[in-house]
Protein chains: 4
Amino acid sequence: MYNIALFGAGRIGQVHAVNIANHPETNLYSVIDPYDVNANMLCDQYDAKRQSIEEAMADSHVDAVCICSATDTHADLIELGAKAGKTIFCEKPIDLDSSRVRDCLGVVEQYKVPLLVGFNRRFDPHFANLKQRAVDGEVGEPATLIITSRDPEPPPAEYSKVSGGMFRDMSIHDLDMARFLLGEDPISITAHGSCKIDPEIGKAGDIDTGVIVLSFASGAIATILNSRKSGYGYDQRIELHGAKGMLQVANVRENLVTSTSDSGAQDAKPLHFFLERYKEAYIAEWQHFVDVLNGSEPNCSGTDGELALRLADAAIVSMNEKRTVLL
Amino acid sequence: MYNIALFGAGRIGQVHAVNIANHPETNLYSVIDPYDVNANMLCDQYDAKRQSIEEAMADSHVDAVCICSATDTHADLIELGAKAGKTIFCEKPIDLDSSRVRDCLGVVEQYKVPLLVGFNRRFDPHFANLKQRAVDGEVGEPATLIITSRDPEPPPAEYSKVSGGMFRDMSIHDLDMARFLLGEDPISITAHGSCKIDPEIGKAGDIDTGVIVLSFASGAIATILNSRKSGYGYDQRIELHGAKGMLQVANVRENLVTSTSDSGAQDAKPLHFFLERYKEAYIAEWQHFVDVLNGSEPNCSGTDGELALRLADAAIVSMNEKRTVLL
Amino acid sequence: MYNIALFGAGRIGQVHAVNIANHPETNLYSVIDPYDVNANMLCDQYDAKRQSIEEAMADSHVDAVCICSATDTHADLIELGAKAGKTIFCEKPIDLDSSRVRDCLGVVEQYKVPLLVGFNRRFDPHFANLKQRAVDGEVGEPATLIITSRDPEPPPAEYSKVSGGMFRDMSIHDLDMARFLLGEDPISITAHGSCKIDPEIGKAGDIDTGVIVLSFASGAIATILNSRKSGYGYDQRIELHGAKGMLQVANVRENLVTSTSDSGAQDAKPLHFFLERYKEAYIAEWQHFVDVLNGSEPNCSGTDGELALRLADAAIVSMNEKRTVLL
Amino acid sequence: MYNIALFGAGRIGQVHAVNIANHPETNLYSVIDPYDVNANMLCDQYDAKRQSIEEAMADSHVDAVCICSATDTHADLIELGAKAGKTIFCEKPIDLDSSRVRDCLGVVEQYKVPLLVGFNRRFDPHFANLKQRAVDGEVGEPATLIITSRDPEPPPAEYSKVSGGMFRDMSIHDLDMARFLLGEDPISITAHGSCKIDPEIGKAGDIDTGVIVLSFASGAIATILNSRKSGYGYDQRIELHGAKGMLQVANVRENLVTSTSDSGAQDAKPLHFFLERYKEAYIAEWQHFVDVLNGSEPNCSGTDGELALRLADAAIVSMNEKRTVLL
């Protein structure tokens, strides 16, 4: 049984708390969060103790840290965890600043602790099925990849500043998936963006609509289609083509009821957002982290986190300078 | 080029007129209908002559008759056509009275003219594809067949009397399809009916909702699900099961546009009714009639027409006497 | 926290054990099963004690019993539980013999303990969504209900004897769903069956293919389509029609990947069997049992269990005597 | 009745010949093609005369010309038709050279004859339905448009030279659709291409895989996804997003049969290629040309043809120079 110290008791921390508690090999040992309400709720529910950062890092009963706190604390906590010899799970991103990420990963390397970065989509069973079949050659050599990712609703405009902008906050997942699914790093990136949904986002200097094209040395081309507002829930589709055919992952609907009437045949819309859509992915992700605790190589490393961020940075340059950026 | 005399210039007569005119081997030679407006319209449009029944039957230029007139004229026209040595296409049913059908088919047999009865669904390309694959063994030996047939809207209540009731008018198509698809005659029939849609139909002594179960010597069981009102267009589905799997024919939609919004994903409803849904089937049916003119065996004979009617009669007995009727 | 004594540590007992343990208000207190391997495995995993039937019934710490043992023990255990004042969850059926069921329910009534019978499909979120929308009038007054239930593979032929035959073992779920969804008891039943899949089942005196038609006083007609072998996993569909349209529940697929190639567009098949398909239903069912523990009325009572069994009995009479049975 | 002179009796000429002959207001008057076999076949079948170019242009009975000959003859025939005062239908493209197109359209303008350019997809009923609903505001202001167009099989490598390359030959349809659906001209274009399917195409200096991104002044972004080989027939999909939701047109399948077995649920693949997929579009296009003959404004003008070609030219520059081209 591994004792887990959970940093951050907010929305995503609560998701991990359930999965930590339900997993037969992990125990929610402590919760670290300055905000009393959330922290105490989790402690009560799962019989965990509250700790300060320092206590948790110094506690030899803590085997691993699960970092779900605010983005700007990730790199510091990773470094502290590494120095304390803990196995580390960290929600994406490591940091919004590439050089800070580089430094942080240097510390991780120095202390030789395993680090799993939480790009949750890699663990989605539908996408994993697509990837396995692609690797098995079902469509031939991959030629085109299309990733659709549309949020149900835009975040508050002020979030744009904290988040690093749509490409760094949202597209980063798709950039990671492109690398993950094609098993290859892109050689160029071209990004296009506009503000079509919420003028406040535009005023805050961000975009809400974007298209990113990645070119790969193999000749494969990946296209990422993003929006901050779908109008119909969380749109998460993937389509991969080769000369032998196409693999597609459809959206997960709220239910499987179809109602047919004079106005047509109506199916339920896609699940609302990531907590619903990736519920199974978060469980599989945690299972993988337990595998890492048991000695497996993390399948989403610090370097993966770093490279996705660099692609997001390059996308911003490409969009702003209206040119293709060579990588 | 075969000259065709068309009896009946109503809705279904007009469908056949187009197909006769468009087919490279047939010519719409004459139209026989006491109702001037429709008859003259077709004659003008296709450069055909108007004839009386007697003229058409006596005209040696007429190779074949296409009978689309009122149901109660079918048997008489078939007999006249047979005596005049014409090749005969007749819309279903031959007659609503089984013994009249028997007599009529006796005349056809005596004069040895080819007769094709127009059970249009046999010629639908989707159903034909299902049947071919069933015959090829794709699902193994057929075990269960489910035929769904729901009209968009009930006919006027008074139609119930003319039509012979829902089983004789509407289910007769499904009864024919059950025989056609399973390639076997049923050994028993059990029918259930009620009036759930239009009380006027009930007052007229008819039903608008029905379920018919047919048992076959092979052990196969066919279920027919009927309604006079779907609420969403013409519902025409078929599902065939064997130990190896299932073959299904879905409805044909009005278009292939899907609209996804906060209220769900909406597809177009099924095509409105038989003229739209079976447009291709009517063309294929006419092609088959040309094959019959060229010497092929009709794939839907007078006997097929007779047997479907007998099943409809037995269904009425079963429903009224609340018992399974052995055949 | 309610302490639960679990009777039966087999396949379905294990499903309930997980749900009992994961629910914040229930605790897997003890396991009662003569078979050591399964019982000890559950006790180890969930830190529960093993008890004998007598110990569990006499133990005042036991708040409720969860009966998942062999069918022929259900009625006895219900009676013991009732006499001991426990709240009772019992897997279907109460017994295969109607009069035994009647006696057993008499005891439950006498001791006034709550009893929830485990017709799991009532708790499936997709079916529940359909029912709610039907109740809300989305299709108008229900006219036709079609329930498709096909197992992936037939059970061993010898199981036919223990199970009471396909209608009592399998169709009983569909008979319950017909009552549940239409909110009405049928006035007649007509059943048809044959042995098309596995001749051994026929030799054992059972069927593997069946169609049941239920008529209701409202004029509604329900059709149940059963097979012991689908050839493609667990086929669990429901279709409800009224004059305003249709509500359908589709199968849950193994995944949402579609592979399109020269041979067509291939979707995953339905989930394999009930453990996979009704995973969420079992969780919701257990939640409802907790509600019952907290004072709610069971939404699937002993009488519901009894009535479904009577319908199954009547189906057998109908099939054997080839007649409609009035209820 | 309008007399039509058909230039070119090849594959696409034959499609138009049927539609001309079947339309009640047009007559296939003459066929102009140096290749005897095709020309005589059409003349025989539709009772048309063979003419030389000069004869047809000089023949006062000819009301309109339908130009389906080789691409490099289009501009000359348009000019001759314009000078002869004929109403002109011309298959795309007018010419592969932009300045030749400009000159040709100058002649058309000078002689004030109506010219309809045959971008067939504009007339597809499914796409037309999507466009109408977009115009009606169903998704709000258009933000992202995704056009998927994949051929079933690559053309022979030598075709690349004649065709002007994939962007000028194939993507030109999608570029036209982007303008047509968004009702707006793009302000920049960025194109990416590679040769992933057939190395011979690469040797011929062309690509077989491409992605084009168009930016519009409104902020809308259109993405075109092309391949010369889908592996599964003709992939023709459109997806339009706004803040209120999404409209999609799915592929038309070969049939509506689904076969479900242990290996999954298999639907038919998309219709093979443009002759099958756009059969209805060609009929609607011809109907529109008849409307033009009757005085309507062509809904796809010479300028539309010219602008699509310019976009294709700009796409080639963008791809070759790896930069966004401002328009």
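Residues numbered from 1 in each chain as written. Chains lettered and ligands numbered in written order. Predicted model: local features only at pLDDT ≥ 70, side-chain atom pairs only at ≥ 80, totals over all residues. Heavy atoms only, no water.

Asker: Help me understand the overall build of chain A, please; the structure alone is not making it clear to me.
Answerer: Counting secondary structure elements, chain A contains twelve helices and 15 strands. Overall, chain A is about 55 × 50 × 45 Å in size when its C-alpha atoms are taken along their principal axes. Across the 327 residues of chain A, 64% fall into the buried class. Summarising the internal contacts of chain A: among those between residues at least 6 apart in sequence, 70% fall at separations of at least 24. Of the accessible surface of chain A, which amounts to about 12000 Å², a share of 51% is contributed by carbon and sulfur atoms. Counting 30 positive and 47 negative side-chain charges, chain A places the centres of these two groups 4 Å from one another. (Helix = DSSP H or I, 4+ residues; strand = E, 2+ residues; numbered from the N terminus. Buried < 20%, exposed > 50% of the residue type's maximum accessible area, 1.4 Å probe, protein only. Contact = heavy atoms within 4.5 Å. Areas by Shrake-Rupley, 256 points an atom, 1.4 Å probe, with all protein chains shown as cover. Lys, Arg positive; Asp, Glu negative; His and termini not counted. Charge placed at Lys NZ, Arg CZ, Asp CG, Glu CD.)

Asker: Explain the pattern of salt bridges here, please?
Answerer: Where charged atoms of side chains with opposite charge meet at close range, the side chains can pair. Counting across every chain of the model gives 92 salt bridges over all chains. Between A:Asp185 and A:Arg179 there is a salt bridge, with the nearest N and O atoms lying 2.5 Å from each other. Judged by its relative accessible area of 40%, A:Asp185 is partly exposed. Here A:Arg179 falls in the buried class, since its relative accessible area comes to 11%. Between B:Asp313 and B:Arg168 there is a salt bridge; the shortest N-O distance is 2.6 Å. (Salt bridge = Lys/Arg side-chain N within 4 Å of Asp/Glu carboxyl O.)

Asker: I would appreciate a short explanation of the packing of helix 8 (residues 166–182) of chain C against helix 12 (residues 302–321) of chain C in the present structure.
Answerer: When two helices pack together, their arrangement is given by the angle between their axes and by how far apart the axes lie. Residues and elements named next belong to chain C. Relative orientation of the contacting elements helix 8 and helix 12 amounts to 120°, with a least axis distance of 8 Å. With respect to helix 12, the axis of helix 8 lies oblique. Along this stretch, helix 8 crosses helix 12, giving a crossing that reads as right-handed. Taking contact as the criterion, the partners of Phe167, Arg168, Ile172, Leu175, Asp176 and Arg179 in helix 8 are, on helix 12, Asp304, Leu307, Ala308, Leu309, Leu311, Ala312, Asp313, Ala315, Ile316 and Met319. In terms of residue class, the contact of helix 8 with helix 12 is made up of eleven nonpolar, no polar and five charged. (Axes fitted to C-alpha atoms, helices over the stretch in contact; angles between N-to-C directions. Parallel < 35°, antiparallel > 145°, perpendicular 65-115°, else oblique. Left-handed = near helix turned anticlockwise from the far one by under 90°. Nonpolar A, V, L, I, M, F, W, Y, C, P; charged D, E, K, R; others polar.)

Asker: What should I look at first to understand the UniProt feature "domain: Gfo/Idh/MocA-like oxidoreductase N-terminal" (unreviewed entry) in chain A in this one?
Answerer: As annotated by UniProt and renumbered to match this structure, "domain: Gfo/Idh/MocA-like oxidoreductase N-terminal" (unreviewed entry) occupies residues 3–119 of chain A. Its end C-alpha atoms 22 Å apart, residues 3–119 of chain A is made of 45% helix and 23% strand. (UniProt positions renumbered as here; feature names shortened; annotations may be inferred.)

Asker: Quick question: what am I supposed to make of the relation of the copies chain B and chain C here?
Answerer: Turning one copy of the chain about an axis and sliding it along that axis gives the other copy, so a rotation and a shift relate them. Superposing chain B onto chain C takes a rotation of 180° plus a shift of 0.0 Å along the axis, which leaves an RMSD of 0.0 Å. Read as a symmetry element, the transformation amounts to a two-fold axis. No C-alpha of chain B lies nearer the rotation axis than that of B:Arg323, which sits 2.8 Å from it. Taken as a fraction of all interface residues of chain B, those also at the interface in chain C reach 97%, which identifies the copy contact as same-surface. (Least-squares fit on C-alpha atoms with pLDDT ≥ 70 in both.)

Asker: What is the right way to read the relation of the copies chain C and chain D from this model?
Answerer: Least-squares fitting of chain C to chain D yields an RMSD of 0.0 Å, with the transformation described by 0.0 Å of translation along the axis and a rotation of 180°. Here 100% of the contact residues of chain C are again contact residues in chain D; the copies associate through an equivalent surface.

Asker: Hey, could you run me through the sheet that holds strand 6 (residues 115–118) of chain D in this one?
Answerer: Sheets are built from strands paired through backbone hydrogen bonds, the pairs being either parallel or antiparallel. All names here are of chain D. Overall, parallel pairing links the six strands, which are arranged 3-2-1-4-5-6 in an open sheet. A single partner strand is all that each edge strand has here, and the edge strands are strand 3 (49–50) and strand 6. In this structure, strand 4 (residues 64–67) lies alongside strand 5 (residues 87–91), joined through four bridges in parallel fashion. By the bridge assignment for strand 5, cysteine 66 is matched with phenylalanine 89. Against the sheet, helix 11 (residues 279–293) contacts strand 1 (2–7), strand 2 (26–32), strand 4, strand 5 and strand 6, and its axis sits at roughly 155° relative to strand 5. (Pairing = 2+ DSSP bridges.)

Asker: What is the right way to read the sheet that holds strand 2 (residues 26–32) of chain B from this model?
Answerer: Residues and elements named next belong to chain B. In space, the six strands of this open sheet follow the order 3-2-1-4-5-6, with parallel pairing throughout. Lying at the two open borders of the sheet, with one neighbouring strand each, are strand 3 (49–50) and strand 6 (115–118). Sheet topology note: the strand 2/strand 3 ladder contains two bridges and is parallel. Of the residues in strand 3, the one forming a bridge with serine 30 is lysine 49. The strands that helix 11 (residues 279–293) touches are strand 1 (2–7), strand 2, strand 4 (64–67), strand 5 (87–91) and strand 6; relative to strand 5, the one it contacts most, it runs at about 155°.

Asker: Sorry, what's going on with the UniProt feature "domain: GFO/IDH/MocA-like oxidoreductase" (unreviewed entry) in chain A here?
Answerer: When the UniProt feature table is mapped onto this chain numbering, "domain: GFO/IDH/MocA-like oxidoreductase" (unreviewed entry) sits at residues 127–247 of chain A. Secondary structure within residues 127–247 of chain A divides into 30% helix and 36% strand; the distance between the first and last C-alpha atoms comes to 10 Å.

Asker: Is there a simple way to explain the domain arrangement of chain A in this structure?
Answerer: Where interface size is given, it is often the accessible area lost as the parts come together that is meant. Residue and element names in this part refer to chain A. Under the domain assignment used here, chain A contains domain 1 (2–113) and domain 2 (122–274 + 301–326). Relative placement of domain 1 and domain 2: their C-alpha centres are 28 Å apart. The interface of domain 1 with domain 2 comprises eleven residues on the first partner and 14 residues on the second. Summed over both sides, the interface of domain 1 with domain 2 buries roughly 960 Å², with 61% coming from carbon and sulfur. (Domains from an automatic or database assignment. Buried area = accessible area lost by both parts, 1.4 Å probe.)

Asker: What's the story with the interface of chain C and chain D in this structure? I'm lost.
Answerer: With 14 residues of chain C at the contact, the number on the chain D side is 14 residues. When chain C packs against chain D, the two sides together hide about 1100 Å² of surface, and 42% of this comes from carbon and sulfur. The largest per-residue losses of area from chain C upon contact with chain D belong to C:Ala265, C:Gln266 and C:Lys269, which jointly make up 40% of the total buried on that side. Run the count over chain C and chain D and you get two salt bridges. When the shortest N-O distance is used, the salt bridge between D:Lys269 and C:Asp262 registers 3.3 Å.

Asker: What should I look at first to understand empty space enclosed by the protein in this one?
Answerer: Where empty space is left in the structure can be found by rolling a water-sized probe over the atoms. Residue and element names in this part refer to chain B. Enumeration over the complete set of coordinates arrives at six cavities of 30 Å³ or more. One number sums up the size of the largest cavity: a volume of about 40 Å³. Of the residues forming the lining of the largest cavity, the biggest block, three residues, is contributed by helix 12 (residues 302–321). Considered class by class, the residues forming the lining of the largest cavity number seven nonpolar, one polar and three charged. Each of domain 1 (2–113) and domain 2 (122–326) gives at least three residues to the lining of the largest cavity. (1 Å grid on protein atoms, 1.4 Å probe; cavity = no way out; pocket = protein on both sides within 12 Å on 5 of 7 lines; lining within 4 Å. Points joined across faces, edges and corners; volume = space filled by probe spheres on them.)

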